[in-house]
Amino acid sequence: DVKVTQSSRYLVKRTGEKVFLECVQDMDHENMFWYRQDPGLGLRLIYFSYDVKMKEKGDIPEGYSVSREKKERFSLILESASTNQTSMYLCASSPSGADGLLNEQFFGPGTRLTVL
Amino acid sequence: AQTVTQSQPEMSVQEAETVTLSCTYDTSESDYYLFWYKQPPSRQMILVIRQEAYKQQNATENRFSVNFQKAAKSFSLKISDSQLGDAAMYFCAYRSAWADKLIFGTGTRLQVFP
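Notes on the structure follow.

What counts and what doesn't
Residues numbered from 1 in each chain as written. Chains lettered and ligands numbered in written order. Predicted model: local features only at pLDDT ≥ 70, side-chain atom pairs only at ≥ 80, totals over all residues. Heavy atoms only, no water. Buried < 20%, exposed > 50% of the residue type's maximum accessible area, 1.4 Å probe, protein only. Helix = DSSP H or I, 4+ residues; strand = E, 2+ residues; numbered from the N terminus. Pairing = 2+ DSSP bridges. Axes fitted to C-alpha atoms, helices over the stretch in contact; angles between N-to-C directions. Disulfide = S-S within 2.5 Å. Contact = heavy atoms within 4.5 Å. Buried area = accessible area lost by both parts, 1.4 Å probe. Salt bridge = Lys/Arg side-chain N within 4 Å of Asp/Glu carboxyl O. Core = buried A, V, L, I, M, F, W, Y, C linked by side-chain atoms within 4.5 Å.

**Description of the pairing of strand β11 (residues 111-115) of chain A**
Residue and element names in this part refer to chain A.
Stage number 1. Here β11 shows a clear split, with Thr111, Leu113 and Val115 buried on one side and none of Arg112 and Thr114 buried on the other.
Stage number 2. In this sheet, β11 lies alongside strand β2 (residues 10-13) in parallel orientation, the contact comprising four bridges. Considered in β11, the bridge of Lys13 is made with Val115.
Stage number 3. Note that strand β9 (residues 87-94) and β11 share three bridges and pair antiparallel.

Right under this line is the structure:
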């Protein structure tokens, strides 16, 4: 079974802190994604990566950055956390290529981040 | 840009009954994929069912089936013989044939009553 793990289920940080959210997948997937989930807004894509050291902005990249130094690991970084970044953060991975078109994205359990 | 709309924030159904969740989308593309994902309370999101746009036949997975109307850009999910374990948030998602990313709707919270 594909497994996507996230470093924390719950995280509480203070305004201005630098925050790292880690995601690891064990299925050798090329693609990895970071989403933010808010009530009434669904899932919104922050960043995604289709290869090591490659990244693309999603729909709401402002205030976030990412790092992918190894294929299995994709980190989301909040350079200076703000209260409006309080949210649920979901990581996902998927294979790419023609065979991957119909393949699902596999999600981690999520990190509920509170910024005080 | 593509958009996905789920107009029902909440739905409820009695155990063993049938419920249909609505989803519409907007795209100018002809080649794409559609998905329904389920997010149980405090648990990971999982795929329920998927549909290729070029297939006219509606996808079915056990008690879950879709009604895919390409011309109307509609992709509803029907859950038959509802079970308590079906209670969850359900998200409709769109994926272009030319991109890896998913575009999600806002979700429908389904409650199942005994």
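There is more to say after this.
**Digging into the sheet that holds strand β7 (residues 64-70) of chain A**
Residue and element names in this part refer to chain A.
Stage number 1. The strand order β1-β3-β8-β7 describes an open sheet built from four strands, whose pairing is antiparallel. Looking at strand neighbours, the two that pair on one side only are β1 (4-6) and β7, the edges of this open sheet. Across this sheet, the average inter-strand angle for adjacent strands is 20°, counted without regard to direction.
Stage number 2. By the bridge criterion, six bridges tie strand β3 (residues 19-25) to strand β8 (residues 73-78) in an arrangement that is antiparallel. Counted as the bridge partner of Val24 is Arg73 from β8.

**What about the state of the cysteines?**
Stage number 1. Scanning the model with the defined rule gives two disulfides over all chains in all.
Stage number 2. Disulfide pairing places Cys23(A) opposite Cys91(A) at an S-S distance of 1.8 Å. Its S-S torsion of approximately -75° makes the covalent link between Cys23(A) and Cys91(A) left-handed. A residue pair is termed long-range when its members are at least 10 positions apart, and Cys23(A) in strand β3 and Cys91(A) in strand β9 qualify at 68 residues.
Stage number 3. Of the residues examined, Cys91(A) reaches a relative accessible area of 0% and is grouped as buried.
Stage number 4. Two residues share a disulfide in this structure: Cys23(B) and Cys92(B), whose sulfurs sit 2.0 Å from each other. Of note, the bridge from Cys23(B) to Cys92(B) carries an S-S torsion of about -70° and is left-handed in sense. Of this pair, Cys23(B) sits in the loop between β3 (19-21) and β4 (24-26) while Cys92(B) sits in strand β10 (residues 88-96); the two residues are 69 residues apart in sequence, bridging distant segments of the chain.
Stage number 5. Note on Cys92(B): relative accessible area 0%, which makes it buried.

**Focus: the interface of chain B and chain A**
Think of interface size as the accessible area that goes away when the parts come together; that is how it is often given.
Stage number 1. Facing 19 residues of chain B, the contacting portion of chain A comprises 24 residues.
Stage number 2. By the criterion of area lost to chain A, the three top residues of chain B are Gln44(B), Asp100(B) and Lys101(B), representing 26% of everything that side buries.
Stage number 3. There are zero salt bridges connecting chain B and chain A.
Stage number 4. Of all the secondary structure elements, the ones that give two or more residues to the side of chain B that touches chain A are β5 (32-39), β6 (46-52) and β10 of chain B.

**A few points about the pattern of salt bridges**
Close approach of charged atoms allows side chains of opposite charge to pair.
Stage number 1. Evaluation of the coordinates by the stated rule reveals 11 salt bridges over all chains.
Stage number 2. The closest approach of N and O atoms between Asp38(A) and Arg44(A), which form a salt bridge, is 2.9 Å.
Stage number 3. Between Arg63(B) and Asp86(B) there is a salt bridge whose closest N-O contact spans 2.8 Å. Taken together, the residues span a long stretch of sequence, with Arg63(B) in the loop between β7 (60-61) and β8 (64-69) and Asp86(B) in the loop between β9 (74-79) and β10 at a distance of 23 residues. Like Asp86(B), Arg63(B) is buried.
Stage number 4. One network of salt bridges, with partners in common, ties together Asp28(A), Glu30(A) and Lys71(A).

**Points about the environment of Ser93(A)**
Residue and element names in this part refer to chain A.
Stage number 1. Within the secondary structure layout, Ser93 lies in strand β9.
Stage number 2. Once the C-alpha coordinates of Ser93 and Lys57 are considered, the two residues, 36 residues apart in sequence, prove to be 16 Å apart.
Stage number 3. For Ser93, the residues in contact, after removing those within four places along its chain, are Val4, Gln25, His29, Asn31, Met32, Phe33, Glu104, Gln105 and Phe106.

**Structural notes on the nonpolar core**
All names here are of chain B.
Stage number 1. Counting 25 residues, the largest nonpolar core has Tyr25, Trp36, Phe75, Leu77 and Tyr90 as the members making the most contacts within it.
Stage number 2. Elements represented by at least two residues in this core include exactly β3, β5, β6, β8, β9, β10 and β12 (108-113).
Stage number 3. Every residue in contact with Tyr25, bar those within four places of it in the chain, is listed here: Thr3, Val4, Tyr32, Leu34, Phe68, Gln69, Lys70, Lys73, Ser74, Phe75 and Tyr94.

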